[in-house]
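# Summary of the model geometry
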Amino acid sequence: MSTVTSIRRPTAGYLETLLACQPQLPTSPLAWINALRAEAVNRLDVLTLPTLRDEEWRFTDISQLTKLSFSPALGATYLEAADIAHFYIEEATTRLVFVDGLYAPQLSSAASCGNGDSGVVVSNLPTVLASHAAAIEAHLGRHAAFRDNVFAALNTAFLHDAAVIVVPRDVALAAPVHLLFIATQKEVVSTPRCLVVAESGSVVTVIEDYVVFYQPRWQEEAHFTNAVTEIVLEDNARVNHIRIQREGSKAFHIANCAVSLGRASNYQSVSVSLGARISRYNLDVLLAEGAECAVDGLALIAANQLADTHTCIDHAQPHGVSRQLHKCIVDGSAHAVFNGKIMVRQGAQRTDSVQSSRNLLLTGKAHVDTKPQLEIFADDVKCAHGATIGQLDSEEVFYLKSRGLSDSVARNLLTYAFGAEIIERIPVASLRQRLGQTVLVQTTRQP
Amino acid sequence: MILQDSKTLLEVRGLRATVNGIEILKGLDFTVKSGEVHAIMGPNGSGKSTFAKVLAGHTAYEVTAGSVLFEGKNLFELAPEERARAGVFLAFQYPIEIPGVANSQFLRLTYNTVQAQRGKEELDPLEFDDFVREKMKLLEMSPDFLDRSVNEGFSGGEKKRNEILQMALLEPRLAILDETDSGLDIDALRIVSHGVNQLANKDNATVLVTHYQRLLNYIVPDFVHVMEAGRIIKTGGKELALELETRGYDWVAAEHQAASETRAAGGAA
């Protein structure tokens, strides 16, 4: 008796559907962009959507995504500034707004050469493509590898517009830049793209913010955000990167972020996952000699949400420093996943790396899979990592009760504090306050 | 100070308590009156810290026998937070760090909770800020400690000062200081002791749990008790602490043992 196994690619049709309208994209005036897109489309012929059988996706089942059909937004939803003013961040003097993936200049407050002496660029891609062709070509699509990543390839296939930030040499931008991505329509797939180039010695704070705008009569509906961000730090540059994902509760959010650190540069990142039915954030950080990074994260989820964070901090050269604190607060029957790889390559001597994954389960049905991973190929390094999963610490609860606080106040305070420790690291006061309030509301239980 | 018209604050009779099924306190008797300062000394493992935690209501310890009256009321009927509001305060040997909560926020929350329970006025953040800064001067603490997370990154001495600051805010009737002196350098010991002495008055009382006589140079006790194997086996004045410092604890245990045998023999005769 013989068994015939047919080789099927059940999701291939899905990708073809998603790609159906790709040829309608306007041709870019720059040949290299067209080539990049074409290459991505070619890769999508070979790549398949991941399943639980893929090691990198073994805890995150995206089969539900494939059961829904999404297509790019045909027309922009018209929003007034007043509609979205509550998303604005008061410290940010420049802001780029994308609605369902489409750039909304009337809502944005851009900066490009000409309206400022500093030469700072905060603009969308077509606007600055000609004036900054060299910087953009050197980096766009060069850091976020898409050859083996189906979602990054999908994003790249649709590469048309992007948020572009270029901070010239030795310029320190005091005010943060706000990149605001607003979802307004159901069944829409958007492919946000960001490029941040911090030239040698420059300083910038970037807030990457994914939100949902509830139209009148909007019921919670699915949309699909598939983002790619590339951040380049040249020597001695410093970038603060704050990423907030607060999409609707039925949304799918998949994002790839690649960060490349030059010599002695410093990357500080805080990512906060609050929304989406299923979210996946891949963050790859590559450190050159003497570079430093702090990569912190908080997933605060409830109900049936799934939040998956995969990070890879790659110490490619000596004297790098990395710090990572990733926390999950999991309520309801939600599921958090953390996979944090620290790679110390051969020759990356004197690497100093500390990684910690801490997880708080608020119910018996909440679930966490955490996997800190150290891969060390150098012999003179200092690396520590650890993970904890559990309920609130009874000694901490007792301490607060011994000061007169009731059991429920004590527990609420400790749960809040667990999340607030990450929020406190956000260097933008109004955002810190707002997110602190969000954590407070979501962690407060009535006695 | 020992006063003529003092009231009994704490009365412990035959207290027995276990942790994980192991008996730690084995019939402990102890009385504290208002205005008094008591020191409980004894070797490691004698049950001093357990006693302090049982009084504060730690749930890991199970009380199996005996009674504790606090101002005439059964202490065991009160939850830990109710004991705190009623005026029992425990300064922890190892204060807990709470990253993410500003010390000022925590101090104000505990202060207002206890004030409200006592029918007194709560303070808004501005009023509280003035109030707590005054109290911090007592402990020579920099106002920077208000903005930092509770105990996070504090040195040992700073944590202990923060404990005494909480004591100053909550104004307990009965303060139990569990090894508050351990890990302090001389300067910090002097400051913390000064704070404790300033807070003592004729209506409250202080119980010092300590290993070292050194603390008692700064906070002078009215009574020194020696604890051994879950019981108080000897009580004396402040001079007893000096004797313990030079002679250790063994002689007290031997003396106690001999006395028990004599009693037993006398009973048999």
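Residues numbered from 1 in each chain as written. Chains lettered and ligands numbered in written order. Predicted model: local features only at pLDDT ≥ 70, side-chain atom pairs only at ≥ 80, totals over all residues.

Once that is clear, we can look at the confidence of the model for chain A. In regions of low pLDDT, the predicted coordinates are not meant to be interpreted in detail. When pLDDT is averaged along chain A, the result is 92; 95% of the residues meet or exceed 70. Here residues 1-10 of chain A scores under 50 on pLDDT; set against residues more than four positions off or in separate chains, the count is one contact. (pLDDT = per-residue confidence, 0-100. Contact = placed C-beta atoms within 7 Å.)

Moving on, we come to the interface of chain A and chain B. Between chain A and chain B, the residue contacts involve 16 residues of the former and 21 residues of the latter. The set of elements that each furnish at least two residues to the side of chain A that touches chain B consists of helix 8 (394-401) and helix 9 (407-423) of chain A. Tallied by class, the residues present in the side of chain A that touches chain B amount to seven nonpolar, three polar and six charged. (Helix = DSSP H or I, 4+ residues; strand = E, 2+ residues; numbered from the N terminus. Nonpolar A, V, L, I, M, F, W, Y, C, P; charged D, E, K, R; others polar.)

To continue, consider the pairing of strand 3 (residues 121-124) of chain A. Residue and element names in this part refer to chain A. Burial of strand 3 is two-sided: the residues V121 and S123 facing one way and the residues V122 and N124 facing the other way are all buried. Bridge analysis of strand 3 against strand 4 (residues 163-167) gives four bridges, and the strand direction is antiparallel. When the sheet's bridge partners are listed, V122 is paired in strand 4 with I165. (Buried ≥ 20, exposed ≤ 12 C-beta atoms within 10 Å, placed from the backbone. Pairing = 2+ DSSP bridges.)

Residues and elements named next belong to chain B. Spatially, the six strands line up as an open sheet ordered 6-9-10-3-11-12, and their pairing is mixed. In this open sheet, the two edge strands, each paired with only one partner strand, are strand 6 (88-91) and strand 12 (231-236). Neighbour-to-neighbour, the strand axes of the sheet open up by a mean angle of 20 degrees, direction not taken into account. Taken together, the four bridges between strand 6 and strand 9 (residues 174-178) define a ladder with parallel strand orientation. Across the sheet, F89 pairs through a bridge with A175, a residue of strand 9. Each of strand 6 and strand 9 is contacted by helix 6 (residues 156-170), which is oriented at about 170 degrees to strand 6, the strand it contacts most. (Axes fitted to C-alpha atoms, helices over the stretch in contact; angles between N-to-C directions.)

When two helices pack together, their arrangement is given by the angle between the helix axes and by the axis-to-axis distance. All names here are of chain A. Running from amino to carboxyl end, helix 2 (residues 31-46) crosses helix 7 (residues 150-157) at an angle of 140 degrees, the nearest separation of the two axes being 8 Å. Judged on the interaxial angle alone, helix 7 and helix 2 are oblique. In this structure, helix 2 meets helix 7 at a crossing whose hand is left-handed. Residues L36, R37, A40, V41, R43 and L44 of helix 2 form the contact with helix 7, whose participating residues are V150, A153, L154, T156 and A157. Its residues assigned to classes, the contact of helix 2 with helix 7 comprises eight nonpolar, one polar and two charged. (Parallel < 35°, antiparallel > 145°, perpendicular 65-115°, else oblique. Left-handed = near helix turned anticlockwise from the far one by under 90°.)

For the rest of this paragraph, the subject is unusual backbone geometry. The phi angle at A264(A) is positive, at roughly 55 degrees, despite the residue not being glycine. Topologically, A264(A) is positioned in the loop between strand 11 (252-261) and strand 12 (266-273). Its identity as a non-glycine residue notwithstanding, N20(B) has a phi of 50 degrees, on the positive side. As for its placement among the helices and strands, N20(B) is situated in the loop between strand 1 (8-19) and strand 2 (22-33).

Another point: the sheet that holds strand 18 (residues 352-361) of chain A. All names here are of chain A. Within the open sheet, the ten strands sit side by side as 2-1-5-8-10-12-14-16-18-20. Their pairing is mixed. Two strands lie at the open edges of the sheet, namely strand 2 (102-103) and strand 20 (382-390), each paired on one side alone. Across ten bridges, the pairing between strand 14 (residues 292-301) and strand 16 (residues 321-330) is parallel. Paired with L300 across the bridge in strand 16 is I329. Strands strand 8 (203-212), strand 10 (238-246), strand 12, strand 14 and strand 16 of the sheet are contacted by helix 10 (residues 429-443), whose axis makes an angle of about 35 degrees with strand 14.

Moving on, we come to the environment of D379(A). Following the sequence through the fold, D379(A) ends up in the loop between strand 19 (367-376) and strand 20. For the pair D379(A) and Q349(A), spaced 30 residues apart in sequence, the C-alpha separation works out to 6.9 Å.

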